[in-house]
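Letter by letter, the chains look like this.
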Amino acid sequence: MGAAMPMLHSGRVVAGIWAAAAVACALAAGAGTARGGGGGVAAGPSTTGGCYEGAAIAGGGWDYDVGAGAGADWAIGRALGEGGCGEGDDDDQGEGSGLDYYGRGGDGGGASGAGTGVVFGCDVNITLSRSCRSGLEACGKSFNDAGNWFKCTLLSEKLVKYCQVYQTAYLERRYDIGFCVPTVCNDTDLLKVYSVLRCLAGNNNMTGVMVDCSVADLKLSPAAFISITAMGILALIHLTGTIHEVFTNSIKKRPIIQQMVAQPAPVSTDPSSETPSSTTATATPTETTAETPAEVAPAESPPSPQPEQSDWSQFYQQPLVLSRVYEENLLHFVWSIIDCFSLRLNFWKMLEVTSHSTLDSLNGLRFLSMLWIILGSTFVLLFKVGVADPDVLPNYFKYPGFQAVFGIDFAIDCLLYISGFLIAYLSITRIISGTMNWVVFLLQRAWRLIPSYGFCLIVYTQLSIYFGDGPFWSQYQHSSMGVESCATYWWTNLLYMNNIYPIHFLEQCMLWTWYLAVDMQLYLFCAPLLLLYAFKTRVAYIVSIIICAANVCYLLLMAILLDIQMFSEEWLDWVLDKPWARTFPYLFGFITAARLLQMPKENHTKWYWLLLIWIAGGILILAPVFGKIRFFSNEWTTAESVLYIGLSSASFSAGVSILMLVVLSGQCRPLQRVMCGSALVPLARLNYSAFLVHPIIIAVAYYNFSNFLPFTMYQALYLFIGHVFITYFAACLVFLLIEQPVLNLEQLIKTKLALR
């Protein structure tokens, strides 16, 4: 196989080698003869077109009694010999040597130029045509070459079709290739040819090999039509709300309207009046209550017009409630609901920056975690689609800086830590003060999260499948990224149980939303702990530590019993997305919040203790992030694998908790100022929407590629920067259209209930 191997690894695997490869792999060494399936025998001279050095073995195919000769090596992108030069058994018709896709007629005695020869093992008669020749040129010429999909699809659909054979593993060396073959060829035929190519490449592992000959369906389904109609109605509501809100506020700013609003109500002569006229005032657009009496100007001098608001963010800080003059009007209440969808109102609310506090440091952590997630998704999804030069990837995997790419589960831990911290910090104070409403606690989260979640679910399952085309697009529609699974399991996402059912991770709908399910499950499960943290803090600490210890025991036990390796299917199914394997960051968030509430406001720790804390926290964070270098170098022992799976999340969460306690307590002013930057507030506000849309943005871009992309670190970072900008632009749209209107409706309902 000396001559074949260099061709394969140098990218000079050409179309003609494949049909003869079945015979070539069946022989142990280069022989001068090859017997076809029906007994035809041909002697092949040694030429550059043969599969073996010293003997051009180009047998009559797998199932045919025909002779075969050796073709000449034309050039890259051409079939070897394009049909060969051998004679067939019948002098009336030349026979292709099996070195051609289409069994093209040979030169020796061939009269018709047609062949019934080897067509990837397909038993079919094909007359030479322009489509056949073009189809030959549209095929991939080596592994990780998708061929020319556009050229193949332009040919007659009755004659040829485009197929791709690919592997589902994304962290192993991939052997993917695209074919433009006759329509009669089936998946079995392609797998036979693919197995021959793998044999010639010195790798016979066929695990996870898939054949995709499906054509991307770009016809709108009834569900897609309904979704588009619903979004059109939603857009109309937004347009109506924007116009009405702008018009209403322009009227309110007129002097005469401001005078009517600012004037006190007339003195009541009814002794049963509940409130004296001297203490009654009408709420202005910037006031939601009338608890403070307004100063009344003398009757003979009308009040001067109020100056226009120059700070729009201040103008829109208050809840959306109009003057009480019209508040009892049902029609006005309906308009108030529609005004909640005003794009201008929502845009300024997105940009508004409230008063600063030490808790604003969480904005920086939230935004950096989202960048980390987008970075990891940029690389992981690129490897899932495949790259043109996968042989270079193992070298990159060993780089220390590359370990962050595969540490996106730690970025998820950061988000879980923030969620646990905020819930504990806000709820403990309410429980102690007696203002905790448990019904609101349970329902408010679903009210805020499900609308945006459902919107993105509809876009992903019903509309995104029409966003592209190309050689990889049918994979996006049918087998990759969980789009196809959504037809069966979409309801599990809305119930936040998609990480529990289905059992297998890769069968989930919207694979990346396992984090949302874990977050909701821990939110409900850890609610009783809040009572302990409010009244029995020490007991709560002990219970949290016990739960974390049980978590470690579970991970160690599963790693030992199932022999779980990092990034394996078992790791995905039993470790990555299970709530009982992700309690560390959530409970460490609880512990940090409880400790921060107990600390005095003016807390000064000696500098050497702070230095020791930073060193300890840094080690706890960096050790699990960069500890996978030995894994990618294939140097991990079983013990190391078990310990890493059992302790990595606990170590990282403890490190984040230690360092954030220092920052949140105000003992690291420089870092606190950076993480509390005003520019980070709107970006952190978009985090939820950005998390929902970023895999859709990245996957749609990658699956629209026309061929495999050559991999370089700089090119991947260039893609990452583009993904960040496009993701946050899309997140901005989701926030304006869905997320903020839902918050406005919540505030409107609360205000309406409070007034009653």
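Residues numbered from 1 in each chain as written. Predicted model: local features only at pLDDT ≥ 70, side-chain atom pairs only at ≥ 80, totals over all residues. Heavy atoms only, no water.

### A word on the overall build of the chain
Moving on, step 1. Helix and strand content of the chain: 28 helices and five strands.
Moving on, step 2. For the chain, contacts bridging at least 24 residues in sequence account for 73% of all contacts bridging at least 6.
Moving on, step 3. For the chain, the accessible surface area stands at approximately 34,500 Å², while carbon and sulfur atoms represent 64% of it. (Helix = DSSP H or I, 4+ residues; strand = E, 2+ residues; numbered from the N terminus. Contact = heavy atoms within 4.5 Å. Areas by Shrake-Rupley, 256 points an atom, 1.4 Å probe, with all protein chains shown as cover.)

### A look at the pairing of strand 4 (residues 177-182)
Moving on, step 1. Most of strand 4 is tucked away, with six of its six residues classed as buried.
Moving on, step 2. By the bridge criterion, six bridges tie strand 3 (residues 160-167) to strand 4 in an arrangement that is antiparallel. By the bridge assignment, lysine 161 is partnered in strand 4 with valine 181. (Buried < 20%, exposed > 50% of the residue type's maximum accessible area, 1.4 Å probe, protein only. Pairing = 2+ DSSP bridges.)

### A closer look at helix 22 (residues 607-626)
Moving on, step 1. Helix length check: helix 22, at 20 residues, gives a terminal C-alpha distance of 28 Å against a target of 28 Å (1.5 Å per residue), a fit within 8%.
Moving on, step 2. Buried within helix 22 are the following residues: Leu610, Gly617, Gly618, Ile621, Pro624 and Val625. Seen along its axis, helix 22 keeps its buried residues to an arc of 150°; they face one direction.
Moving on, step 3. Tucked into the core, helix 22 has its buried residues touching helix 11 (361-385), helix 13 (408-433) and helix 24 (638-664). (Expected span 1.5 Å × (residues − 1). Arc of directions from axis to C-beta.)

### Looking at the packing of helix 13 against helix 18 (residues 527-535)
Moving on, step 1. Look at helix 13 against helix 18: their axes get within 9 Å of each other, and the N-to-C directions meet at 65°. When you trace helix 13 past helix 18, the crossing you get is right-handed. Of the residues in helix 18, those touching helix 13 at Ile423, Ala424, Ser427, Ile428, Ile431 and Ile432 are Leu530, Leu531, Tyr533, Ala534 and Phe535.
Moving on, step 2. In the contact of helix 13 with helix 18, the residues fall into ten nonpolar, one polar and no charged. (Axes fitted to C-alpha atoms, helices over the stretch in contact; angles between N-to-C directions. Left-handed = near helix turned anticlockwise from the far one by under 90°. Nonpolar A, V, L, I, M, F, W, Y, C, P; charged D, E, K, R; others polar.)

### Regarding the sheet that holds strand 5 (residues 209-212)
Moving on, step 1. Judged by pairing direction, the sheet is antiparallel, and its three strands sit side by side in the order 4-3-5 without closing on themselves. Only two strands of the sheet have a single neighbouring strand rather than two, namely strand 4 and strand 5. Recorded for the sheet is a direction-independent mean angle of 25° between the axes of neighbouring strands.
Moving on, step 2. Contacting strand 3, strand 4 and strand 5, helix 5 (residues 187-200) runs over the sheet at an angle of about 135° to strand 5.

### Concerning the packing of aromatic side chains
Moving on, step 1. One pass over the full model with this rule turns up 49 aromatic pairs.
Moving on, step 2. Ring geometry for tyrosine 476 against tyrosine 703: centres 5.6 Å apart, planes inclined by 50°, an arrangement best described as tilted. Remark: tyrosine 703 occurs in the loop between helix 27 (687-702) and helix 28 (713-755) and tyrosine 476 occurs in helix 15 (residues 473-478); sequence separation between them is 227 residues.
Moving on, step 3. Its relative accessible area of 0% is what places tyrosine 476 among the buried residues.
Moving on, step 4. Over the ring of tyrosine 523 we find arginine 445, and its NZ or CZ is 4.4 Å from the ring centre. (Phe/Tyr/Trp six-rings, centres within 6.5 Å; stacked < 30°, edge-to-face > 60°. Lys NZ or Arg CZ within 6 Å of the ring centre and 35° of its normal.)

### Some details on the nonpolar core
Moving on, step 1. The biggest cluster of nonpolar side chains holds 161 residues, and the ones touching the most others in it are Phe402, Tyr476, Trp571 and Phe711.
Moving on, step 2. The next biggest cluster of nonpolar side chains, apart from the first, holds 15 residues, and it includes Tyr175, Val181, Cys185 and Cys213. (Core = buried A, V, L, I, M, F, W, Y, C linked by side-chain atoms within 4.5 Å.)

### Quick look at the state of the cysteines
Moving on, step 1. One pass over the full model with this rule turns up three disulfides.
Moving on, step 2. Between the sulfur of cysteine 163 and that of cysteine 213 lies a disulfide, 2.0 Å long from S to S. In this structure the cystine formed by cysteine 163 and cysteine 213 twists about its S-S bond by roughly 115°; its chirality is therefore right-handed. One end of the pair, cysteine 163, is in strand 3; the other, cysteine 213, is in the loop between strand 5 and helix 6 (222-252), with 50 residues separating them in the sequence. We note that cysteine 163, like cysteine 213, is buried.
Moving on, step 3. Of all cysteine sulfurs in the structure, the one in cysteine 180 sits closest to cysteine 139, which takes part in no disulfide; the separation is 5.3 Å.
Moving on, step 4. No disulfide involves cysteine 526; its sulfur sits 9.3 Å from the nearest other cysteine sulfur, which is in cysteine 548.
Moving on, step 5. In this structure cysteine 526 comes out as buried when scored by relative accessible area, which is 1%. (Disulfide = S-S within 2.5 Å.)

### Here's the deal with the pattern of salt bridges
Moving on, step 1. Scanning the entire structure with this criterion turns up nine salt bridges.
Moving on, step 2. For arginine 582, the salt bridge is made with aspartate 413, and the minimal N-O distance between the two is 2.9 Å. One end of the pair, arginine 582, is in the loop between helix 20 (569-576) and helix 21 (583-598); the other, aspartate 413, is in helix 13, with 169 residues separating them in the sequence. Neither residue differs from the other here; arginine 582 and aspartate 413 are each classed as buried.
Moving on, step 3. Between arginine 630 and glutamate 640 there is a salt bridge, and its shortest N-O distance comes to 3.0 Å. Of this pair, arginine 630 sits in helix 23 (residues 629-632) while glutamate 640 sits in helix 24; the two residues are ten residues apart in sequence, bridging distant segments of the chain.
Moving on, step 4. You can call arginine 630 partly exposed: its relative accessible area is 34%.
Moving on, step 5. The exposure class of glutamate 640 is partly exposed, given its relative accessible area of 27%. (Salt bridge = Lys/Arg side-chain N within 4 Å of Asp/Glu carboxyl O.)

### Some points on the environment of phenylalanine 735
Moving on, step 1. Considering the arrangement of structural elements, one finds phenylalanine 735 in helix 28.
Moving on, step 2. Counting along the chain gives 45 residues from phenylalanine 735 to alanine 690, while the straight-line C-alpha distance between them is 9.1 Å.
Moving on, step 3. In this structure, phenylalanine 735 is in contact with Asn346, Met350, Arg685, Leu686, Ser689, Gln740 and Pro741, ignoring residues within four places of it in sequence.

### What about helix 13?
Moving on, step 1. A rise of 1.5 Å per residue sets the reference length of helix 13, with its 26 residues, at 38 Å; its end C-alpha atoms lie 38 Å apart and thus fit the reference within 8%.
Moving on, step 2. Phi turns positive one or two residues past the end of helix 13, at glycine 434, with a value near 80°.

### Remarks on a nonpolar patch on the surface
Moving on, step 1. Together, Trp607, Tyr608, Trp609, Leu611, Leu612, Ile615 and Ile619 make up a nonpolar patch on the protein surface, roughly 810 Å² of accessible area in all.
Moving on, step 2. Secondary-structure assignment places tryptophan 609 in helix 22. (Patch = residues over 30% accessible without salt bridge, like charges linked within 9 Å, V, L, I, M, F, W, Y side chains within 5 Å.)

### Digging into the confidence of the model for the chain
Moving on, step 1. A residue-level look at the chain finds 71% of positions with pLDDT of 70 or above and a mean pLDDT of 75.
Moving on, step 2. Low pLDDT, under 50, characterises residues 1-129; the predicted model gives this stretch 301 contacts beyond four residues in sequence or across chains.
Moving on, step 3. Note that pLDDT drops below 50 for residues 265-327; the model gives that stretch 65 contacts with residues more than four away or on any other chain. (pLDDT = per-residue confidence, 0-100.)

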